[in-house]
Amino acid sequence: MAYAEGSLWVGALRGERLWQVPLDADGSAGRPADRLQGEHGRLRAVTLAPDGSLWVGTSNKDGRGDARQGDDRIMSVPVG
């Protein structure tokens, strides 16, 4: 999970998506939005990169996902 641009970002193995959970000024969670759904397979780790983007890792070669050309990898995902 990572925090960037006022939201928490979480990778989903089962849902194959990146969840964005916006946070209000008081820290309460807003309505989650799914990003990258079905585009890259199972998403595992999410962390904030030094340039403000997110680094997101795929996890498709562990016998549970559908491996794709170039898996597993770390992607840079712009935030904002």
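Residues numbered from 1 in each chain as written. Predicted model: local features only at pLDDT ≥ 70, side-chain atom pairs only at ≥ 80, totals over all residues. Heavy atoms only, no water.

A. Region of the structure containing the sheet that holds strand 7 (residues 74–77). Strand order across the open sheet formed by three strands is 5-6-7, with antiparallel pairing between neighbours. Both edges of this open sheet fall to strand 5 (43–48) and strand 7, since each of them pairs with a single strand only. This sheet shows a mean twist of 25 degrees between the axes of neighbouring strands, independent of strand direction. By the bridge criterion, four bridges tie strand 5 to strand 6 (residues 54–58) in an arrangement that is antiparallel. When the bridges of strand 6 are listed, leucine 48 appears paired with leucine 54. (Pairing = 2+ DSSP bridges. Helix = DSSP H or I, 4+ residues; strand = E, 2+ residues; numbered from the N terminus. Axes fitted to C-alpha atoms, helices over the stretch in contact; angles between N-to-C directions.)

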